[in-house]
Every structure is written in C-alpha cells, then in structure tokens.
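Residues per chain, in single letters:
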Amino acid sequence: MSEEKNKKKILVVNGPNLNLLGLREPGIYGSATLDEGMKALEERFPQVDFAFFQSNIEGELVDVIQQYGFTADGIVLNAGAYTHTSVAIHDAIKAIRTPVVEVHLSNIYSRETFRHTSLITSACIGIIGGFGMDSYRLAVEALLNR
Ligand code: DQA
C-alpha cells in the first residue's frame, strides 16, 4: 500500500482457493479471475489506495489482518472456507481497530448447511454475499459511506 495522502486505504483479503477463481466451479463463483476482479475494483474506485492479499494459509491471513488492522481505513475479507472454521481469524478481527466487511461471492445461506455458520460475521461490521464479484464493490461502497 502506498503512502498517498487523502486516499482511503482499503485492504482486500482473499482466502483459500480464491486464487483459482475463473477455473473453480464457475457456475457458483463466476468466470472472472481474482486478478480481473481486483483490477475492476481499482478502476471503479480511483480514490482508494488498495492493497490486495491472497493466501491459502490461515496464519498468513491472521498476519495480514494484524499488519493492516491499525492503519488501514477498512478491510474487505473473503475468508473462503476459513469463514466456517477459523476462531483465529475471528479473534484477529476482534483484536484490530480497522472495520472489516465479510464478503462472499456466493450466498452461503443458500448452499450446503456447513456453510451456514460463519465464525467471523459477529466480529465484522457487516456481511455481503451472493453477488459474485459485485459483493466486493458493495463492500468497498459500504466502507466508503461510513
Ligand atoms: C466463499 C464461500 C465459502 O463457503 C467457500 O468455502 C469459498 C468461497 C464465497 O466467496 O462464496 O471458498 O467464501
């Protein structure tokens, strides 16, 4: 993330298997790659200083949340499958000061029952899901409107 003045700083974090967007179950997650989706955000919000991070490793997601969690203006987090399992990510969100919006490409509540539980929602300021890549745009809008 650069040091540009007057720009809101937003970190977008993507968890496990989201690096395979475009290839991965396109009927559920769409045909856009993660890179395409993140570039679209940069184009849509030139007034935002974005940082992007993706990892398949839970601890790396905790690390980046801690790293940006006291300086960024907002975090958009798609924790992937860790949404449903990770007390560590829940605790990291609780530990920081930066507001976090939980996002999902799919509507987790219309899918398998094991996806109906999110361990991170209660630590986030809100949750947006079901709108494909547009979920990320809506999350950024929500952070900018605060
Ligand atoms: C997801 C939903 C999760 O249940 C799943 O494990 C993912 C992607 C979504 O964006 O819809 O990896 O977070």
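Summarised in this report is the structure supplied together with it. (Residues numbered from 1 in each chain as written. Predicted model: local features only at pLDDT ≥ 70, side-chain atom pairs only at ≥ 80, totals over all residues. Heavy atoms only, no water.)

Within the structure shown, the criterion is met by 2 aromatic pairs. With 6.4 Å between their ring centres and 65° between their planes, Phe45 and Phe50 make a pair best called edge-to-face. Residue classification places Phe45 among the buried residues on the basis of a relative accessible area of 4%. Residue classification places Phe50 among the buried positions, given a relative accessible area of 9%. Where Phe50 meets Phe52, the ring centres are 5.4 Å apart and the plane angle is 20°; that geometry is what we call stacked. Residue Phe52 is classed as partly exposed on the basis of its relative accessible area, which comes to 33%. Connected via pairs of aromatic rings, a cluster forms that spans Phe45, Phe50 and Phe52. (Phe/Tyr/Trp six-rings, centres within 6.5 Å; stacked < 30°, edge-to-face > 60°. Buried < 20%, exposed > 50% of the residue type's maximum accessible area, 1.4 Å probe, protein only.)

Now for the nonpolar core. Core analysis: the largest hydrophobic core is formed by 21 residues, its most contacted members being Leu11, Val13, Ile75, Leu77, Ile89, Ile93 and Val100. Looking at this core, the elements that each hand over two or more residues are β1 (8–14), α3 (58–68), β3 (74–78) and α4 (87–95). Per-element tally for this core: the top contributor is α3, with 5 residues. In contact with Ile93, not counting residues within four places along its chain, are Ile65, Leu77, Val100, Ile120, Ala123 and Cys124. (Core = buried A, V, L, I, M, F, W, Y, C linked by side-chain atoms within 4.5 Å. Helix = DSSP H or I, 4+ residues; strand = E, 2+ residues; numbered from the N terminus. Contact = heavy atoms within 4.5 Å.)

Geometric values such as these leave the question of function open.
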